[in-house]
Amino acid sequence: MDKKYIQIFEGKENESSCGSTSGGCSCGGGTSTTAVTIDELLKKYLTVLDGITNFNVYKISDQQDNDEFINKLNEVLHKSGEKLIIDKTNLEFVLSQSAPIFAVDGKIISIKNYPDEKQLYDAVMTGKKIPVKKSCC
Amino acid sequence: MIDQNTNTVKSILNNIFDSVGIADKESFKNAPDKYHPKNILEGFESVIVYAQGNKNSSERDMGSFSDLWGSLAAQNEVVKFLESLGYKSVIISGTSRSVSLVKMCILAGIGELSPVNSLVIKGLGLTASLATIITEAPLIPDEEISGVCIKCMKCMDVCPATDIAYQRNPDKCGCGKCRNICPV
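Below is a short write-up of the structure. (Residues numbered from 1 in each chain as written. Chains lettered and ligands numbered in written order. Predicted model: local features only at pLDDT ≥ 70, side-chain atom pairs only at ≥ 80, totals over all residues. Heavy atoms only, no water.)

## So, unusual backbone geometry
Peptide bonds are, in most cases, trans, and in most cases residues other than glycine have a negative phi. Keep this limit in mind: Helix and strand definitions here come from DSSP, where helices need a minimum of 4 consecutive H or I residues and strands a minimum of 2 consecutive E residues; each element is numbered from the N-terminal end.
Put simply, A:Ala99 and A:Pro100 share a cis peptide bond, and its omega is -5°. Tracing the chain through its elements places A:Pro100 in the loop between helix 3 (91-98) and strand 3 (101-104). A positive phi angle, near 55°, is found at B:Lys151, a position not held by glycine. Relative to the helices and strands, B:Lys151 resides in the loop between strand 6 (129-135) and helix 4 (154-158).

Structure below.
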């Protein structure tokens, strides 16, 4: 089986509407009530997905342009059949409403939440989208 | 021109949202400074408000638009359209604490307050998710409406804050019982 390619688009810290890994809200996110870093999260994911997936994490930055982030996000939006086009002027707002965004082989499978390793494994295997968590804020 | 711009804005948003309304700057003359749209955009002329009902969604979807990408695309299209005309415009999502979306909806003729102080919208009851675009563009405002709430008081009957609901005790509010029972 070909390896699956997982892309994770992160918003600014404390900005996502739910599931913040940095404690931005009080709901605890999708994985734990303890704040975890993306590296720790990737380790968790690799416990079930090692050998069958490759990961790429994209982060936005205030210090440099976010052209690669924007290009990659537009690619997955297009491949997912969405007509929204991201540019520098709407990037922050869109991410505030949708980050973190997970895509498998270029198609969006999860938004607004960090799925746990089982949810992500199931989504990778079945291609089914992970339900959006109830808005917490 | 204002007619045309108003129609264009409403046409874009009506493709996605269940209810769209507009309030002009004059409508906010008595609005408290703390929640005034000028805090977001000093030179604003209009506030465009839109709502989507969640009556057929599970409770987990409450508070967010069911078609997130479609709703973002529509909002983005409106902002791009207005900015192409030279009018700065800002999208305010439902989680903003710096303006009162409910008050904006009332002024924009989308709905009115229910007995439990939630926004009731025709056909959507108390289930709507809300957002707004504050813009420098002058647009034709809608009239405030009344008579949407049928005063059946079912929301009051199930509200755990019953006798103090009018004071909106924040510790008691948020159970969602009123949303589920509203017949509007």
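Moving on, there is more to tell.
## Regarding the sheet that holds strand 2 (residues 46-52) of chain B
All names here are of chain B. Condition: Any two strands with at least two DSSP-identified bridges between them are counted as paired. The angle between two axes is taken between their N-to-C directions and runs from 0 to 180 degrees, where each axis is a line fitted to C-alpha atoms and a helix contributes only its stretch in contact. Residues are treated as being in contact if the distance between any of their heavy atoms lies within 4.5 Å.
In space, the four strands of this open sheet follow the order 1-2-6-3, with antiparallel pairing throughout. Each end of this open sheet is capped by a strand with a single partner; those strands are strand 1 (19-24) and strand 3 (89-92). Looking at each pair of strands side by side, their axes are set apart by 20° on average, direction ignored. With six bridges connecting them, strand 1 and strand 2 associate as antiparallel partners. Following the sheet pairing, Gly21 is matched in strand 2 by Val49. The sheet contacts of helix 1 (residues 2-14) involve strand 1 and strand 2, and relative to strand 1 the element is tilted by about 145°. With respect to the sheet, helix 2 (residues 68-84) is in contact with strand 2, strand 3 and strand 6, its orientation differing from that of strand 3 by roughly 160°.

## A closer look at a nonpolar patch on the surface
Residue and element names in this part refer to chain A. Condition: Note on patches: the residues involved have over 30% relative accessible area and no salt bridge, like charges join within 9 Å, and the nonpolar side chains Val, Leu, Ile, Met, Phe, Trp and Tyr join within 5 Å. The accessible surface values rely on the Shrake-Rupley method and a 1.4 Å probe; as for residues, cover is taken only from the protein chains in view. What makes a salt bridge here is a side-chain nitrogen of Lys or Arg within 4 Å of a carboxyl oxygen of Asp or Glu, nothing more. When accessible area is computed with a 1.4 Å probe and restricted to protein chains, residues below 20% of their type maximum are described as buried, those above 50% as exposed, and intermediate ones as partly exposed.
On the surface, Val48, Tyr121 and Met125 cluster together into a nonpolar patch covering about 220 Å² of accessible area. Take Met125: it is sitting in helix 4 (residues 117-126). Assessed through its relative accessible area of 35%, Met125 is described here as partly exposed.

## Things to note about the packing of aromatic side chains
For the record, the criterion: In this analysis, rings of Phe, Tyr and Trp, with Trp reduced to its six-membered ring, are considered paired at centre separations within 6.5 Å, and the interplanar angle assigns stacked below 30 degrees, edge-to-face beyond 60, and tilted for intermediate values.
All chains considered together, the criterion is met by seven aromatic pairs over all chains. Ring centres of A:Phe9 and A:Phe69 lie 5.5 Å apart, and the angle between their planes is 80°; this geometry places the pair in the edge-to-face category. Separated by 60 residues along the polypeptide, A:Phe9 in strand 1 (residues 4-10) and A:Phe69 in helix 2 (residues 67-79) bring together distant segments of the chain. You can call A:Phe69 buried: its relative accessible area is 3%. Residues B:Phe28 and B:Phe44 carry aromatic rings whose centres are separated by 5.8 Å and whose planes lie at 80° to one another, so their mutual orientation is edge-to-face. Taken together, the residues B:Phe28 in the loop between strand 1 and strand 2 and B:Phe44 in the loop between strand 1 and strand 2 connect sequence positions 16 residues apart. For B:Phe44, a relative accessible area of 2% translates into the label buried. Grouped by ring-pair contacts, the aromatic residues A:Tyr45, A:Phe55, A:Phe102 and A:Tyr114 constitute a single cluster.

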